[in-house]
Amino acid sequence: MLLLTFLIICSSPTVLGQQEESLFEDDVDLADFDLDIAPRRVPRQVKTILTKETKPHIQELSIKTTIISRYAFTAVYCAMLNRHSAAAEGVFSFQIPAGAYVSNFTMIIGGRVYQSEIRPRQKKVKQENGKARNKESGEASPEQELEVFRMSASIPGRNRAVFLLTYEELLQRRLGRYEHVTSLRPLQLVSRLSLDVTIVDHSPITHLQVLPLRNGKSTNSGSSKTQVKKDPPVTSVIKQEKNVCKITFGPNIVQQAKITTNGLLGDFVIRYDVQREMGIGDIQVLNGHFVHYFAPKDLPAVPKNVVFVIDTSASMVGTKIRQTKDALFTILKDLRPGDHFNFISFSNKIKVWQPNRLVPVTPLNIRDAKKFIYMMVPTGGTNIDGGIQTGSDLLREYLSSPDASPNSVSLIIFMTDGRPTVGEIKPTAILGNTRSAVQEKFCIFTIGMGNDVDYRLLDRMALENCGMMRRIPEDADASAMLKGFYDEIGTPLLSDIRINYTEDSVQYVTQHLFTNYFNGSEIVIAGKLTNDSVESLHVQVTASNNDKNIILETDIPLRNRQIETEKHVNEARVAMASGPKTPASGVTHGLGIALGSIAEDFVERVWGFLSVKDGLRSRLRSQTSKEREDHIKQATNLSLTYNFLTPLTNMVVEKPEVLADGTMAPTPTRPPSSGDAVSTVNELPSDAEDEEPQRDNKKPSSQNLSLGNKIGKVERRPDKKSITVSKTSADGDPHFVVEFPMSKLTVCFNINGEPGHILRLVSDHKNSGVTVNGKLIGAPAPPGSHKKQRTYFSTITIVVDLPKRAYIEVTPKKVILDGRDRMVLPCHSTVSVDSGVLSVSIVGKSNVTVTVGGNVMFVILLHQYKNPASYQRDHLGFYIGNSKGLSHQCHGLLGQFLYEEVGLAELPAEADSEPSPVLKVKERSVPVVKKNRRIFSGTQNVDCWFARNNAAKLIDGQYEDYLMSHMFDTGDWPHGTNTA
């Protein structure tokens, strides 16, 4: 995850005319460029470069990354200005690491918002203008395997376009360090450029290092010979505390020009590690999920059996073979006593250095191996299958001999610069042959050099055989990268690692069986808890180290870990809030809001991220078509749930249309459908072209960025804070209140749910089309309380399917409205929006009123704390203001009572006892007691009859019947789910 890499390209077909030639004069007007430096301080050369630009100018490029416990959220804001009178094309092209998932993309052009949508990947996808995740060799940093997100849009004359992109990734630990990379290559001088990286970790941060800007060709992680200068880039500011680090970089346009005038600044690289304690590792718990970081140290190295399989075909001639030999000579020096090894070269012919055996590490064997390497001469074609088969047979036979150590680690390191041209050339057949030869007895690590490599074949070969693949770009220092890759896997510390958790406490755990653990790496596992009410989670780690078995066991106190993790999240929120202010106060500030809200669920998102990765790997390893389809379905559903752009999903964006007169075409009155002109951003695996299309389960993102207070038909109104609605509500912990006007009774009950549970509040999907769901968040009980924990509503969604689809998602910080247009509104502002089907009115920091079709109204109270105590959480209260538009078949925890009548009776008194009141509901008798409840933020008290035990007998069915699978589930009660 070495995280943030970046490239922006802007192109325009506009050609400067005679009138614009005057801009070349010395006395030019730089007002359009909106510089963060006085124009008089801009050198003439820089002025000339700016005024000669024919493409849209990047006024602002703001990149914000928050790394919370090694999970990185990145948000990018790019504002382009078309200075000319004619429309011009702006191309937003953004490089991200191959392991990252895009989670949101938004364009604002001509004052209109164009929001992306993640959909299941269809069998055949026609790409119009949008392209994404294409490999790009020329600009890729040799460290990173980069992929390009690209979207073009026509910008009207004298207009601005804003592009917003977010993506997420889990940082991988390599050689004892995490690395975060921001590729700053906008290909032009930028008026305002800012990079803001915040690192917050549960453990103290160590070995923080900000490297000089890296140009991508001469340096890499495997070698630092060319990095003579070690100072951070100019204008960098580094602030480090125990658990929090903030790094900023903001060169003005003159400082950029001193580095380079072509906009290719280079990679901004941050490296760090965290302090670790011996034992089971670091486990964090939050909102029904946990993440476990395991990186043991100070263990003796496990002996390894390694076979190097090296491509010596004709294409390796020159620099490639020379750098390969240099790397192998260095690797030979690092082999340890106790290791066994061999070398194989392949082209048309297969050559084995020591036939039928692996040899120990001795001075004589090292000397002879160097001779074999020195004599390797590039010639002929590329027999990939033959090389792998020979190496596998050699290693497999050695492992079955008495000479092999039972606790050693065995692996093949396979390197090629081309595609198969000799012997078996079909990738599927090569993969099948490899699986048969390996027989799950050892791992294969693959390395591809240059541009003419079937990287998908190498990637699958590694994934299917417990290894990993590394890419070496054409112009990179191959010798250093080969050595660096070997260093990552050259010191195995553990083998056969198994990590188990209490079975009845864990619903789903990501990969927890690992073949090997290498020094300087890290094992990360995430899980979903089935029951947060349990006090502890039992963790057991078993593994082999050399000639002994290791068992580590402990009980993790879940409540304490939840409190510690919440404190950790608060630290991240405070750190982000104290970040530097940028000139674009509207949208750029919204990036911080979006990152802050996501961070509150970072453990769940780590679980979702790793679960998708697991599903994709399992898909490749599937032995039957049914097993493969099950993995595809699971990974697709998770991708949609977390709004991830993955190999199984597409990103669809409506294309803005500029008319002949240069103005924007009218905005459609509905979200784009499959028949609209859209740009599709996708990543298609070559082996999945024949898959059946998945159902379009649209689940909108929870990460859309705040776009300011006035978008589309947004109007400011001086709404009053006072509200008058019915008492029927779900507020607080949560306390449910139901008013029966005809019966002149008020009934109340509690629902003791678990954090992460999603409750169905109103269900009228088949009639009025309205569905309301609420998600619970956990909090510790206040001191002296009889409860162990409390739960509150953190998110409420209102989905409407009639007459056309729309939805509103409300959190204490923001409101997402998807009607005519899709927009995100902050809850701290007073604003009203009418989208046709839905209308929303926000009273800043007080309440949100949602109206559906004029005859249904819901009011959502915003409970926010300025300085929250440890047991306080920002949350929501839900009130039904007008239910006339809901049908008599309406259901849900609140909806089922809207048209009911109830009666109150008393059971005869028994000896020495008072008569017991009972409530008559739908021919059921419900024991109740008199209580008093506070509603409307404590401004009103209401007397009510309280039903105990999660409203047993009062509600239809059981509490569990009202649990939904996700926030946009519109399934009918009590069984079946639909996805809105």
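It should be emphasised that the depicted structure is a prediction, and the values quoted were computed from it without experimental measurement.

Within the protein, the regular secondary structure consists of 13 helices and 52 strands. Looking at the protein as a whole, 59% of its 980 residues qualify as buried. Counting only contacts in the protein whose residues sit at least 6 apart along the sequence, the fraction spanning at least 24 positions is 71%. Taken as a whole, the protein presents about 39,000 Å² of accessible surface, with 48% of it coming from carbon and sulfur.

Counting buried residues in strand β46 (residues 847-852) gives five out of six residues, a clear majority hidden from the surface. Looking at chain direction, strand β45 (residues 838-843) and β46 are connected through six bridges and run antiparallel. Note on β46: the bridge partner recorded for Ser841 is Thr849. If you look at the hairpin formed by β45 and β46, you'll find three residues sitting between the two strands, and Lys845 has a positive phi there, around 60°. As paired strands, β46 and strand β47 (residues 856-863) are joined by six bridges and run antiparallel to one another. Within β47, the residue paired with Val848 across the bridge is Ile860.

Okay, the state of the cysteines next. Enumeration over the complete set of coordinates arrives at two disulfides. A sulfur-sulfur distance of 1.9 Å marks the disulfide that ties Cys443 to Cys466. Here the disulfide of Cys443 and Cys466 is left-handed, its torsion about the S-S bond being about -105°. Of this pair, Cys443 sits in strand β24 (residues 443-449) while Cys466 sits in the loop between α7 (455-463) and β25 (469-472), placing them 23 residues apart in sequence. Looking at Cys443, the relative accessible area reads 0%, which means it is buried. Here Cys748 connects covalently by a disulfide to Cys944, the sulfurs 2.1 Å from one another. Here Cys748 and Cys944 share a disulfide; its torsion about the S-S bond, 75°, makes the bridge right-handed. Taken together, the positions of Cys748 in strand β37 (residues 745-750) and Cys944 in strand β52 (residues 940-947) put the pair 196 residues apart, joining distant regions of the chain. Considered together, Cys748 and Cys944 belong to a single accessibility category, that of buried residues. Along the protein, the cysteines that take part in disulfide bonds pair up as 1-2, 3-4, counted in sequence order.

Time to look at the pattern of salt bridges. In this structure the tally under the stated criterion is 35 salt bridges. As a salt-bridge pair, Glu488 and Arg174 come within 3.7 Å of each other at their nearest N and O atoms. Of this pair, Glu488 sits in helix α8 (residues 478-489) while Arg174 sits in strand β10 (residues 173-174), and the two are 314 residues apart along the sequence. Under the relative-accessibility criterion, Glu488 is labelled buried at 9%. Of the residues examined, Arg174 reaches a relative accessible area of 23% and is grouped as partly exposed. For Arg367, the salt bridge goes to Asp368, with nearest N and O atoms at 3.7 Å. A relative accessible area of 46% places Arg367 in the partly exposed class. Asp368 gets classed as partly exposed once you look at its relative accessible area, which sits at 22%.

Turning next to the side chain of Asn104. Along the chain, the position of Asn104 falls in strand β4 (residues 101-109). For Asn104, a relative accessible area of 0% puts it in the buried group. Here the side chain of Asn104 touches Gln115 through a polar contact of 2.6 Å, side chain to side chain.

Moving on: helix α4 (residues 363-374). With twelve residues, α4 ought to run about 16 Å at 1.5 Å a step, and its terminal C-alpha atoms sit 17 Å apart, in line with that. Of all the positions in α4, only Asn365, Ile366, Ala369, Phe372 and Ile373 are classed as buried. Relative to the axis of α4, the buried residues are bounded by an arc of 115° and lie together on one face. Seen from the buried face of α4, the exposed residues on the opposite side, beyond 90 degrees, are Pro363 and Tyr374. Elements that come into contact with the buried residues of α4 comprise α3 (319-334), β20 (340-346), β21 (350-352) and β22 (359-360).

Bringing the sheet that holds strand β30 (residues 536-545) into the picture now. Judged by pairing direction, the sheet is antiparallel, and its four strands sit side by side in the order β28-β26-β30-β31 without closing on themselves. Across the chains shown, the open sheet's two edge strands, defined by having one partner strand only, are β28 (513-518) and β31 (548-557). Direction aside, neighbouring strands of the sheet carry axes that sit 25° apart on average.

Tracing the backbone shows Gly836 in the loop between β44 (831-834) and β45. Given a relative accessible area of 47%, Gly836 falls into the partly exposed group. Considered as a pair, Gly836 and Gly819 are 17 residues apart in the sequence and their alpha carbons are 7.0 Å apart.

Turning next to the nonpolar core. The tendency in soluble globular proteins is for nonpolar side chains to be buried side by side. Counting 59 residues, the largest nonpolar core has Phe736, Phe749, Val840, Phe878 and Leu954 as its most contacted members. Residue contacts for Leu954: discarding those within four places in its chain leaves Val747, Phe749, Phe897, Leu919, Val921, Arg924, Val926 and Ala947. Of all hydrophobic cores here, the second largest spans 48 residues; its members include Ile67, Leu171, Val190 and Leu645.

This part is about the packing of aromatic side chains. In this description, an aromatic ring pair is defined by two values, namely the gap between the centres and the angle between the planes. Considering all chains together, one arrives at 29 aromatic pairs under this definition. Pairing Phe105 with Phe163 gives two aromatic rings, centres 6.4 Å apart and planes at 20°, and the pair type is stacked. Remark: Phe163 occurs in strand β9 (residues 159-170) and Phe105 occurs in strand β4; sequence separation between them is 58 residues. Phe105 sits in the buried class, given a relative accessible area of 0%.

Here the focus is the packing of α3 against α4. When two helices pack together, their arrangement is given by the angle between the helix axes and the distance between those axes. Two elements in contact, α3 and α4, have axes separated by 10 Å at closest approach and are oriented at 175°. With respect to their mutual orientation, α3 and α4 come out roughly antiparallel. Residue-level contacts link Lys325, Leu328, Phe329 and Leu332 of α3 to Ile366, Ala369, Lys370, Ile373 and Tyr374 of α4.

Within this structure, the stated rule accounts for five cavities of 30 Å³ or more. At the level of elements, β19 (304-311), α3, β23 (409-416) and α8 are the ones that each hand at least two residues to the lining of the second largest cavity. Of the residues forming the lining of the second largest cavity, the biggest block, four residues, is contributed by α3. When the residues that make up the lining of the second largest cavity are grouped by side-chain class, the tally is eleven nonpolar, one polar and no charged.

One ladder, built from four bridges, connects strand β50 (residues 916-921) with strand β51 (residues 924-935); its direction is antiparallel. Looking at β51, one finds that Leu919 is bridged to Val926.

Moving on, we come to unusual backbone geometry. Cis geometry marks the peptide bond from Asp733 to Pro734; its omega dihedral reads -25°. Checked against the element boundaries, Pro734 lands in the loop between β35 (729-731) and β36 (735-740). Positive phi, close to 55°, is recorded for Cys466, a residue that is not glycine. One non-glycine residue, Glu923, adopts positive backbone phi at about 65°. Relative accessible area serves as the criterion here: at 87%, Glu923 is assigned to the exposed category.

Rules used in this analysis
- Residues numbered from 1 in each chain as written.
- Predicted model: local features only at pLDDT ≥ 70, side-chain atom pairs only at ≥ 80, totals over all residues.
- Heavy atoms only, no water.
- Helix = DSSP H or I, 4+ residues; strand = E, 2+ residues; numbered from the N terminus.
- Buried < 20%, exposed > 50% of the residue type's maximum accessible area, 1.4 Å probe, protein only.
- Contact = heavy atoms within 4.5 Å.
- Areas by Shrake-Rupley, 256 points an atom, 1.4 Å probe, with all protein chains shown as cover.
- Pairing = 2+ DSSP bridges.
- Disulfide = S-S within 2.5 Å.
- Salt bridge = Lys/Arg side-chain N within 4 Å of Asp/Glu carboxyl O.
- Polar contact = N/O pair within 3.5 Å; in protein donor to acceptor, adjacent residues only side chain to side chain.
- Expected span 1.5 Å × (residues − 1).
- Arc of directions from axis to C-beta.
- Axes fitted to C-alpha atoms, helices over the stretch in contact; angles between N-to-C directions.
- Core = buried A, V, L, I, M, F, W, Y, C linked by side-chain atoms within 4.5 Å.
- Phe/Tyr/Trp six-rings, centres within 6.5 Å; stacked < 30°, edge-to-face > 60°.
- Parallel < 35°, antiparallel > 145°, perpendicular 65-115°, else oblique.
- 1 Å grid on protein atoms, 1.4 Å probe; cavity = no way out; pocket = protein on both sides within 12 Å on 5 of 7 lines; lining within 4 Å.
- Points joined across faces, edges and corners; volume = space filled by probe spheres on them.
- Nonpolar A, V, L, I, M, F, W, Y, C, P; charged D, E, K, R; others polar.

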